[in-house]
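# What the coordinates show
Residues per chain are reported as follows:
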Protein chains: 2
Amino acid sequence: MGSTYGQFCPVAKAMELLDERWTLLIVREMVAGSRRFNELRRGVPRMSPTLLSKRLHQLVRAGVAEKRIEGKDVLYVLTPAGEELRPVVEALGAWGTRWIGELGEEDLDPKLLLWDMHRRIDHGAVPEGRTVVQFEFPDVPAQTRRWWLVITSDDADVCDADPGYDVAVTFTASLRSLIRVWRGDLGWSDALRAGSVKVNGPEALRRAAPGWFTLSTFAPVPRPA
Amino acid sequence: MGSTYGQFCPVAKAMELLDERWTLLIVREMVAGSRRFNELRRGVPRMSPTLLSKRLHQLVRAGVAEKRIEGKDVLYVLTPAGEELRPVVEALGAWGTRWIGELGEEDLDPKLLLWDMHRRIDHGAVPEGRTVVQFEFPDVPAQTRRWWLVITSDDADVCDADPGYDVAVTFTASLRSLIRVWRGDLGWSDALRAGSVKVNGPEALRRAAPGWFTLSTFAPVPRPA
DNA sequence: CTGTATCCACTTTGATACTG
DNA sequence: CAGTATCAAAGTGGATACAG
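Looking at an unreviewed UniProt entry, one finds chain A named Helix-turn-helix transcriptional regulator and attributed to Streptomyces luteolifulvus.

Printed below as a string of structure tokens:
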């Protein structure tokens with residue numbers, strides 16, 4: 001456990017749990033709907049599994065999450081106390097959006113972008129059947145330059161290798177630009193007009209494709225004047 | 001600085017700054033109105049001055065606080081960005097109030113209770129002139145058993161030694177009980193009726209004294225059913 | 001798939017004393 | 001009042017391999 005502050009103040013008591021590195025990001029992942037160990041891992045890929053395991057235990061012990069075993073599935077689910085951390089995560093995200101716009105190179109992880117996007121697909125807007133969207137980041141090392149989303153009516157998979165199916169549209173952009181769009185720092189239309197994000201594919205799909213993705217939860221946060 | 005998460009998510013970016021030990025408690029103190037170094041120290045007495053100094057520098061560098069030198073005074077003042085952390089502190093405090101009611105012995109610090117109380121005195125409710133309120137915690141080691149608040153029309157001082165003036169009323173309680181009242185875990189009337197907090201002094205003052213203190217900001221937070 | 005075990009380098013903190 | 005200097009101890013996290 002994090003060490004104690006020796007204060008009865010509820011802010012201090014809350015932070016004894018929540019100020020430990022990674023803890024609140026795990027809560028964020030759970031708030032976003034992740035429930036399985038390896039699902040959570042994909043949201044915090046720089047964490048070692050050991051540490052993720054430790055943090056999950058702490059959250060369970062603190063009454064924030066519950067480990068639920070259903071048949072062969074192991075799920076970590078927020079308790080009511082955990083669910084009530086949503087406003088905390090939202091307040092932090094809104095603040096971060098407004099006051100920490102500058103991103104370093106090391107903040108730009110395509111893996112996380114795709115993982116985020118796959119969770120926020122507007123399945124109603126995507127064509128019926130299987131739709132494959134390709135992403136190409138010319139500025140990124142070959143290893144992680146190309147990604148695919150395989151979207152079906154109720155699911156989406158992130159692939160870092162060509163899944164082999166026909167590609168509906170391809171997004172080509174610097175990683176930073178697409179992340180800026182995703183975060184709401186840059187509008188789709190501005191990005192497309194300026195050419196910092198390009199969409200290739202049949203006209204109809206190309207026009208529709210930006211609408212397939214609901215942007216980050218924090219994209220609508222108003223920026224400081 | 002706290003190490004980075006390598007994530008563009010605004011929650012992660014916010015936590016890179018705020019998840020460091022003590023940081024948010026300092027922000028809490030500033031939100032509560034403390035501005036001078038030694039004033040801040042009294043709100044986080046377990047911090048070494050070195051570390052407080054370091055944290056203040058970080059907050060300044062992050063644009064959350066501003067170091068303002070006015071004549072011979074050095075003040076740390078929240079910037080607009082810092083002021084906007086108030087909702088974060090409030091969300092955390094509300095959550096902590098609702099879900100972390102259990103306090104360990106080491107959380108019960110009379111120094112912090114008195115420091116908190118002196119900030120929330122309802123000066124309009126206290127009699128004119130100088131009013132001295134004494135606190136006695138029979139369960140606490142002699143060193144920190146007795147405290148005094150010297151209240152004037154627009155100021156209040158915390159003393160750990162008898163200031164020598166006439167005492168208007170004396171509160172006698174276990175430290176835990178008075179903290180529970182302060183936090184809103186236990187109502188004044190319940191505490192007085194049960195005798196876990198006692199007030200001594202002239203009848204009129206004795207009756208009025210609980211009204212001299214506005215309870216902790218989080219006392220009104222509704223508790224889980 | 002869901003973790004645990006191990007190990008070490010590094011950072012962070014706390015304690016204490018001291019200064020302009 | 002407003003901090004810095006110093007230093008040892010603790011703990012934290014990262015990497016990797018492995019297990020049920």
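## Here's the deal with the domain arrangement of chain A
Residues and elements named next belong to chain A. Annotation of chain A at the domain level lists domain 1 (10–99) and domain 2 (105–212). Computed over C-alpha atoms only, the centres of domain 1 and domain 2 are separated by 27 Å. Contacts between the two partners involve 9 residues from domain 1, matched on the other side by 8 residues from domain 2. Carbon and sulfur atoms make up 51% of the surface buried where domain 1 meets domain 2, a total of about 720 Å² over both sides. For the pair domain 1 and domain 2, the interface holds 1 salt bridge. Residue Arg119 is joined to Glu29 by a salt bridge in which the shortest nitrogen-to-oxygen separation is 2.9 Å. Seen at the junction of domain 1 and domain 2, the total is 2 residue pairs in polar contact (both at pLDDT 80 or more). Of all the elements, helix α3 (residues 37–43) adds the most residues to the side of domain 1 that touches domain 2, at 3 residues. Its residues assigned to classes, the side of domain 1 that touches domain 2 shows 2 nonpolar, 3 polar and 4 charged.

## Quick look at the pairing of strand β7 (residues 197–200) of chain B
Walk down a regular strand and you will see the side chains alternate between the two sheet faces. Residues and elements named next belong to chain B. Here β7 shows a clear split, with Val197 and Val199 buried on one side and none of Lys198 and Asn200 buried on the other. Two strands pair when backbone bridges link them, and strand β6 (residues 169–173) and β7 are joined in this way by 4 bridges, in the antiparallel orientation. Directly across from Phe171, in β7, lies its bridge partner Val199.

## Notes on the protein's contact with DNA strand C
Residues in close proximity to DNA strand C total 17 residues, the closest being Asn38, Thr50 and Ser53 of chain A together with Arg21 and Arg55 of chain B. Among atoms of DNA strand C positioned within 4 Å of the protein, sugar and phosphate together represent 67%. Residue Tyr76 of chain A places a side-chain N or O atom 3.0 Å away from a phosphate oxygen belonging to DNA strand C. Trp22 of chain B places a side-chain nitrogen or oxygen 3.1 Å from a phosphate oxygen of DNA strand C. Taken together, the elements giving at least two residues each to the surface near DNA strand C come down to α3, α4 (49–61) and β2 (73–78) of chain A together with α4 (49–61) of chain B. Residue contributions to the surface near DNA strand C peak at 4 residues, all from α4 of chain A.

Calculation criteria
- Residues numbered from 1 in each chain as written.
- Chains lettered and ligands numbered in written order.
- Predicted model: local features only at pLDDT ≥ 70, side-chain atom pairs only at ≥ 80, totals over all residues.
- Heavy atoms only, no water.
- Domains from an automatic or database assignment.
- Contact = heavy atoms within 4.5 Å.
- Buried area = accessible area lost by both parts, 1.4 Å probe.
- Salt bridge = Lys/Arg side-chain N within 4 Å of Asp/Glu carboxyl O.
- Polar contact = N/O pair within 3.5 Å; in protein donor to acceptor, adjacent residues only side chain to side chain.
- Helix = DSSP H or I, 4+ residues; strand = E, 2+ residues; numbered from the N terminus.
- Nonpolar A, V, L, I, M, F, W, Y, C, P; charged D, E, K, R; others polar.
- Buried < 20%, exposed > 50% of the residue type's maximum accessible area, 1.4 Å probe, protein only.
- Pairing = 2+ DSSP bridges.
- Near = heavy atom within 4 Å.

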